[in-house]
Amino acid sequence: MSDKMAPGKEAAGKKLLRALKGEATEGVPIWLMRQAGRYLPEYRKVRAEAGSFLDLCYTPDFAEEVTLQPIRRYGFDASILFSDILVVPDALGQKVAFKEGEGPVLEAITNVAGLAALKPVEAVREHLQPVYEVVKRLRRSLPPETTLIGFAGAPWTVATYVVGGRGSPDQGAAKAWAYRAPDEFQKLIDLLTDATVEHLSAQVEAGAEVLQVFDTWAGSLPELSFERFALQPMKRIRETLKERFPDIPVIAFPRGAGGMAARYFRETGVNGLSLDTGVSALWAREHLQPLGCVQGNLDPLLLVAGGAEMRRQALHILETLGQGPFIFNLGHGIVPQTPPEHVAELVTLVKEWRA
C-alpha cells in the first residue's frame, strides 16, 4: 500500500460516508461543528493543563483527548480533528498567537514583500507533523463506526486573518488589498491554496476519511470577488485532492454564500455542502440536494435555548432534508455557553428520527 492511505475496509459501512456518496442511510448521521470545545467541562480541564491554545493543538496527547471527548459523551457519527485553521499561516512562518479575551493575533502581512518573507509550502508538512500524529492516533482510538474528519480553512478566510492580523467584522484589510491590487492579492491566495492542499493531503495520508474546508467569510465577498477568491481556489483544492485521493470526499462550508451556493456546489465539485443558519431548508432541498449531500443547519443559539423550539426547528430540518443525502449539523459552530445536556437531547432526537 502507498503512503496515500485510502479509507479502510470498515469505511464501507459508515453512515456519514454513505451519505456523502449520495446513498440512502438508515437514520440521519450527525456531528456538530466545534463539538469539542469550551462548552464541555472536560475540555476546559485539558485546556488549562495545556497552557496556550497552540500548545493544545500541537501536543498529540492533549489534542487526541479533546477530539475524543464529545464522541465518548454523545456517540456522534463523525469526529473532527481538534486543531485550528490558523496552523497553516503559523507553519508558513507568520507569527500567530491566541490571546485570552482577544482570540487570534497575527503579525499582519499587507504586501508582496511580506509574502516573500514567508516559508515555502513544503514547510507546512514539517511544521505540522504533531497534527498529523494526532490524526494517526485518532484513526486507531476512535470507535470503528465513527468517521474521522480532517479540515482546513479556505484560502480566502485564512487570508482575512493573514492580512488583517485578527478577526474583523468586515474583513476590511483583506478586501482593501484584494480590490486595490487583485493580482498581488492573488499571490497570497495561490500560496494559501497550495499550502491547504498539502495540509489536507497529509491528513488523508495519516488517516482522515473525509475533509471539510471552512470558508467562514465567503459571504462577505461580492459576486466577482467570490468567484475569484472563494470558488476558484476551492475548485483547485478539490481537483488536486481528487487526483491524489480519488475516494476521499470533501465537504465545503462557504458560509453566507447565499444565491451563489448552487453554482459553488456545481463548479467546485465537492461531495457535500455545509449550510449556514440563514439557508432555507426548503430552498436547499430544491436547489442544492439534487447536486449532492447537504449538511446543516440548526442555529447554534437554538442549541443554547434547548427545549420545545429547538426540537421543533430540528424536526423541520430533518423532515425537509432527511429524505435525501443529508448530514445533520449546525449552521455554525457550538458556542461556549451551550449546555451539554441540550447537545445530548439533540443527538437523541436526530438518532431516533426516522424518515
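Above this text sits the structure in question.
All of the points below concern the structure found in this document. Note that the coordinates shown come from a computational prediction; the quantities given were computed from them, not determined experimentally.

1. With respect to the sheet that holds strand E5 (residues 210-215)
The strand order across the open sheet formed by seven strands is E1-E4-E5-E6-E7-E8-E9, and the pairing between neighbours is parallel. Bordering the open sheet on either side are strand E1 (78-80) and strand E9 (326-330), each of which pairs with just one other strand. Taking each pair of neighbouring strands and ignoring which way they run, the sheet shows an average axis angle of 25°. Where strand E4 (residues 147-153) meets E5, five bridges bridge the pair, whose relative direction is parallel. Bridge assignment links alanine 152 to a residue of E5, and that residue is valine 213.

2. Focus on the packing of helix H2 (residues 41-50) against helix H4 (residues 60-74)
The packing of two helices is summarised by the inter-axis angle and the distance between the axes. Between H2 and H4, the least distance of the axes is 10 Å, while the angle of their chain directions is 175°. When the axis of H2 is compared with that of H4, the two are roughly antiparallel. Each of Pro41, Glu42, Tyr43, Val46, Glu49 and Ala50 in H2 lies in contact with H4, whose residues at this interface are Phe62, Glu65, Val66, Gln69 and Arg73. Taken together, the residues of the contact of H2 with H4 break down into six nonpolar, one polar and four charged.

3. With respect to the packing of H4 against helix H8 (residues 129-141)
Relative orientation of the contacting elements H4 and H8 amounts to 45°, with a least axis distance of 9 Å. By the angle between their axes, H4 is oblique relative to H8. As for how H4 packs across H8, the hand of that crossing is right-handed. Across the interface between the two elements, Pro60, Asp61, Ala63, Glu64, Thr67 and Leu68 from H4 touch Pro130, Glu133, Val134, Arg137, Leu138 and Ser141 from H8. Residue classes in the contact of H4 with H8 are distributed as six nonpolar, two polar and four charged.

Definitions and cut-offs
- Here, residues in each chain are numbered from 1, in the same order as that chain's written sequence.
- With the structure being a predicted model, the display of local features is reserved for residues of pLDDT at least 70 and the display and counting of side-chain atom pairs for 80 or more, all residues being used for whole-chain, interface and lining totals.
- Each side-chain value is worked out from all heavy atoms of the structure, with water and hydrogens disregarded.
- Here, a strand pair is defined by DSSP locating no fewer than two bridges between the strands.
- Comment: elements are numbered from the N terminus, with helices defined as DSSP H or I runs of at least four residues and strands as E runs of at least two.
- Axis definition: a line fitted to C-alpha atoms, over the contacting stretch in the case of helices. Angles run 0 to 180 degrees between N-to-C directions.
- For classification purposes, an angle smaller than 35 degrees is called roughly parallel, one larger than 145 roughly antiparallel, one from 65 to 115 roughly perpendicular, and anything else oblique.
- By definition, residues are in contact when any of their heavy atoms lie within 4.5 Å.
- Put simply, Ala, Val, Leu, Ile, Met, Phe, Trp, Tyr, Cys and Pro go in the nonpolar bin, Asp, Glu, Lys and Arg in the charged bin, and everything else, Gly too, in the polar bin.
- By definition, turning the near helix anticlockwise from the far helix through less than a right angle yields a left-handed crossing, and turning it clockwise yields a right-handed one.

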